[in-house]
Amino acid sequence: MDDLVYKKPQNSATMSPSANDLFRLPTLEDLQEKQLSELLEMAQVRFGMKGGAVKVNLTPLEIHSKMTEAQVLKALLLAPQDQRPDLVLYELSKGNIDCRIANQILASLAILEKIKKFAMTDQ
């Protein structure tokens, strides 16, 4: 009589991973690299570098790949406040800034926005 319970074949090609592999957690570097690659992909899709064409109406900035984080932040101060995160993502999608710098700038902008809101509620 046939067995009614499915049993996975046990050969070397279909062996399950070892117990060490099952419980291995990603390192901080693994997570950071994944975050940066997802940030770049999201920026490229959002601004039409991947996929269909998109019309972008942002304040033009003179940002290039040789700029430091401080120089990029200084350039962003010239742009309207509501466009700053989008400008960072746009420049990232064009390859004008590095993923790590873009991530740090976006975090800095978020912190500055929270400080501003906190200061406004204190008054």
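Each remark here, short or long, concerns the structure printed above.
Residues numbered from 1 in each chain as written. Predicted model: local features only at pLDDT ≥ 70, side-chain atom pairs only at ≥ 80, totals over all residues. Heavy atoms only, no water.

S.K.: Give me the lowdown on the nonpolar core, citing residues and values where you can.
M.R.: By size, the foremost hydrophobic cluster in this structure holds 22 residues, and its most contacted members are Ile 63, Val 72, Leu 76, Val 88, Leu 92, Ile 97 and Ile 105. Within the residue set of this core, elements represented by two or more residues are helix H2 (28–46), helix H3 (69–76), helix H4 (84–94) and helix H5 (99–122). With six residues, the top contributor of residues to this core is H5. Once you skip the residues sitting within four places of it in the chain, Ile 105 turns out to touch Glu 69, Val 72, Leu 73, Leu 76 and Val 88. (Core = buried A, V, L, I, M, F, W, Y, C linked by side-chain atoms within 4.5 Å. Buried < 20%, exposed > 50% of the residue type's maximum accessible area, 1.4 Å probe, protein only. Helix = DSSP H or I, 4+ residues; strand = E, 2+ residues; numbered from the N terminus. Contact = heavy atoms within 4.5 Å.)

S.K.: Residue-level account of the environment of Ile 97, with values.
M.R.: With respect to the helices and strands, Ile 97 occurs in the loop between H4 and H5. Along the backbone, Ile 97 and Met 67 are 30 residues apart, and their C-alpha atoms lie at a distance of 7.7 Å.

S.K.: Outline the environment of Val 45, listing residues and values.
M.R.: The residue Val 45 is located in helix H2 in this model. Judged by its relative accessible area of 47%, Val 45 falls in the partly exposed class. Measuring from C-alpha to C-alpha, the distance between Val 45 and Ser 93 comes to 8.2 Å, with 48 residues separating the pair along the chain.

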